Each structure stands twice: as structure tokens, then as C-alpha cells.
Amino acid sequence: MQRVAVGQETLSVEIQGSGPPLLLVHGFPLDHTMWKHQIEELADQFQVIAPDLRGFGASALAEPHDLSDEPGPSGQAVSAITMEQYADELVGMLDALRIDQPVAFCGLSMGGYIGWQFLMRHADRLGRLIMCDTKVVADSPQVKQVRMETAERVLHEGPGFLAEVMRDRLFSPTSLRDKPTAVEATQQVIRDTNPRAIAAALYGMAERPDMRDRLPSIDLPSLLIGGELDVISPAEEMRGIAQSMPNAKFIPIPQAGHMALERPQEVNSAIREFLSDWV
Ligand code: MLT
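Remember, predicted model here, so these are calculated numbers, not experimental data. (Residues numbered from 1 in each chain as written. Predicted model: local features only at pLDDT ≥ 70, side-chain atom pairs only at ≥ 80, totals over all residues. Heavy atoms only, no water.)

I would appreciate a short explanation of the packing of aromatic side chains in the present structure.
The geometry of an aromatic ring pair is captured by the separation of the ring centres together with the interplanar angle, meaning the angle of the planes. Under the definition given, this model contains 1 aromatic pair. Seen in terms of ring centroids, Phe105 and Phe118 are 5.1 Å apart; in terms of plane orientation they differ by 55°. Their pairing is tilted. Remark: Phe118 occurs in helix α4 (residues 110-122) and Phe105 occurs in strand β5 (residues 103-108); sequence separation between them is 13 residues. Residue Phe105 is classed as buried on the basis of its relative accessible area of 0%. With relative accessibility at 0%, the residue Phe118 sits in the buried group. Of note, Arg153 hangs over the ring of Phe161, and the distance from its end group to the ring centre comes to 3.9 Å. We note Arg208 situated over the ring of Tyr113; from NZ or CZ to the ring centre the distance is 3.9 Å. (Phe/Tyr/Trp six-rings, centres within 6.5 Å; stacked < 30°, edge-to-face > 60°. Helix = DSSP H or I, 4+ residues; strand = E, 2+ residues; numbered from the N terminus. Buried < 20%, exposed > 50% of the residue type's maximum accessible area, 1.4 Å probe, protein only. Lys NZ or Arg CZ within 6 Å of the ring centre and 35° of its normal.)

Right, dumping it as C-alpha cells:
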């Protein structure tokens, strides 16, 4: 892992291979290791850049910058990190790494929410867009409420319960049965995550803008990938996003849940084929 100074923060990033830059942005509340198979296999063709977002994995949450003046209901002051902030920090990281040519941005779920904001704010840094298991609708009041309660509970209890809750939401029944090692590794990442980073991301996701109206004007070549059994961002919703974009296609991944990466061969083939006219 490299350590890269971005303003007041330091991000950790794994970089493998050489070639056109492929930026892999992880979901919530995970880290870059969820891209293990993409990093290992796609580095033969691409410069694969897989950061840990601020506060996740090996990237620290620089406490003074994340504290608001007002403590939250738990008494522990944590302010939101917005999708826009994460996107800007990724651009700061690319700048620090002197990667100035457009990247293929590949984000999963929260990584996709960040991708929409990356596109809105830094379109000149993007050559292709790959969105895995993500959404364009903003949170409903009910979903926001659940996020607030979850943040509160994580700050009080730590992330152990979240690792249990997310297990069945992230993986398909097939993966839960056949890939216990990968499932356990993912749960361990959640257990090891800083509760304050989890809360900051939950607050940030709750604030994210609704992107539905923007879709018809996004003409960047885009690939949408979704697990057919995803219960968080259903495949039909992903298909609808692709249909609303003028230059996008949707590839469903059979037997996969929210972590479409459960099926690395299918996902990697889809990425390679999609990027074949770009490289
Ligand atoms: C993720 O996988 O990044 C999250 O489940 C997204 C969300 O909570 O909306």
C-alpha cells in the first residue's frame, strides 16, 4: 500500500500494473480488499488504483477535521463526509500520484454514489464509468432514519452488529453457502472499521443528492453491473438506470448479490470487454 497525502488527510492506496488507469472505489463499510480479484487479474492490462476511502481500511480518519462543534445524540461528535468530499479527495489522490489522464472509474454501491459526484464535479478526469450495484435515488425519510439509528448504534456499540446485519444483505445465498472464507473476510473488514468513519459515511449517504434527472445528460460510455440477487440495489433498478442513460449498458451477474464481485470471472470479463475500445 502507498500512503498519499491529500490536503490534511493521508489516503492508503494499492496500485498494481501499468496501462490505462482503472480506479476502483469500494462500498460501505468496506475497504479496497473487496476488489482483490479485480486488482490481481486486471493489473495485466491496467494500472489498477484501489484506495481506501477516508477512515476505511488503512486510511485514517484525521479526527480534528472530522469533528463538528456539536456532539451528536450519542455525545460523540461526528460530522458527515459527503459523496462530494470523497470524490474530491480521490481527485486529490490522483493529483498527488500525478495521474492526470482520464481514468476509468469503477465504483460499487457507495463507491457508485461517489462516482456520480466525481462525474458531476470532475468530468474531465473520467474516460469511462463503471457502476456496480448502486443507485441514483436519494434516501427516503425512512432510509435516512435507519441510517441515523445505525450510526448512533455503531458509535455506542462498535460495528460488530453491522457485520452480522450486512452479511445476508451483501451476499447471495449461493455465496453464503460456497464462499465462507470471502464472507468472513468481508465481515472482519466491517468489524475492524472505525465506528466514526462508519457514522460519517452514513450521514454522508443520507445527504446525497438524487441523480435521476441527470441520467439523460450523461453521455460518457458507461457500464452498469448488478448482481441478479442484489437486495440493496436490485438488478431491475440498475437496468432502469442504464436505460435512462444515452450511452450505457447493463450486465446482470447471475447468482450474485450486492457484491457482484462474488463472481469475479463474469465481472472481470465484463470490465475488460467494456474497456476494450478505450485502451
Ligand atoms: C454499500 O454497499 O456501499 C451500501 O450498502 C450502500 C447503501 O447503504 O446505500
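Would you mind showing me how to read the site of the ligand here?
In the vicinity of the ligand, the contacting residues are Gly27, Phe28, Ser109, Met110, Tyr113, Arg147, Met205, Ile232 and His258. Interatomic distance of 2.7 Å between a backbone N/O atom of Phe28 and an oxygen atom of the ligand. In this structure, His258 approaches the ligand through a side-chain N or O atom, which is 2.7 Å from an oxygen atom. Protein chains shield 94% of the accessible area of the ligand, which is 270 Å² for the free molecule. Grouping the amino acids of the shell around the ligand by side-chain chemistry returns 5 nonpolar, 3 polar and 1 charged. (Near = heavy atom within 4 Å. Polar contact = N/O pair within 3.5 Å; in protein donor to acceptor, adjacent residues only side chain to side chain. Areas by Shrake-Rupley, 256 points an atom, 1.4 Å probe, with all protein chains shown as cover. Nonpolar A, V, L, I, M, F, W, Y, C, P; charged D, E, K, R; others polar.)

Would you take a moment to explain the pairing of strand β7 (residues 222-227) for this structure?
Regular strands place their side chains on alternate faces of the sheet. Where burial is concerned, most of β7 is hidden: 6 out of the 6 residues are buried. The two faces of β7 match: Ser222, Leu224 and Gly226 on one face and Leu223, Ile225 and Gly227 on the other face are all buried. As paired elements, strand β6 (residues 126-132) and β7 share 4 bridges and run parallel to each other. From the neighbouring strand, Leu129 faces β7, where its bridge partner is Ser222. Two strands pair when backbone bridges link them, and β7 and strand β8 (residues 248-253) are joined in this way by 6 bridges, in the parallel orientation. Across the sheet, the residue bridging to Gly226 is Pro252, located in β8. (Pairing = 2+ DSSP bridges.)

I keep staring at the packing of helix α3 (residues 83-96) against α4 and nothing clicks. Help me out?
A packed helix pair is summarised by two numbers, namely the angle formed by the two axes and the spacing between the axes. Contact pair α3 / α4: the axes reach a minimum separation of 8 Å and the direction vectors enclose 70°. Judged by the angle between their axes, α3 and α4 are roughly perpendicular. Note on element contacts: α4 touches α3 through Met110, Tyr113, Ile114, Gln117, Phe118, Arg121 and His122, opposite Met83, Glu84, Tyr86, Ala87, Asp88, Leu90, Val91 and Leu94. Split into classes, the residues belonging to the contact of α3 with α4 amount to 10 nonpolar, 2 polar and 3 charged. (Axes fitted to C-alpha atoms, helices over the stretch in contact; angles between N-to-C directions. Parallel < 35°, antiparallel > 145°, perpendicular 65-115°, else oblique. Contact = heavy atoms within 4.5 Å.)

It is not clear to me how the confidence of the model for the chain should be interpreted in this structure. Could you clarify?
Low pLDDT marks stretches whose predicted atomic positions should not be read closely. Put simply, the chain has an average pLDDT of 94, and 95% of its residues get 70 or more. Counting interchain partners and residues more than four positions distant, the pLDDT-below-50 stretch residues 65-70 has 15 contacts. (pLDDT = per-residue confidence, 0-100.)

Any chance you could explain the sheet that holds β5 here in plain terms?
In a beta sheet, neighbouring strands pair by backbone hydrogen bonds and run either parallel or antiparallel. Strand order across the open sheet formed by 8 strands is β1-β2-β4-β3-β5-β6-β7-β8, with mixed pairing between neighbours. Single-partner strands in this sheet number two, and they are β1 (2-6) and β8. Each strand of the sheet is rotated relative to its neighbour by a mean of 25°, with strand direction disregarded. Bridging between β1 and strand β2 (residues 9-16) involves 5 bridges; their strand directions are antiparallel. Looking across to β2, one finds that Ala5 is bridged to Thr10. The sheet strands contacting helix α10 (residues 235-244) are β6, β7 and β8, and the helix crosses β8 at an angle near 165°. Strands β3 (21-25), β5, β6, β7 and β8 of the sheet are contacted by helix α11 (residues 264-275), whose axis makes an angle of about 170° with β7.

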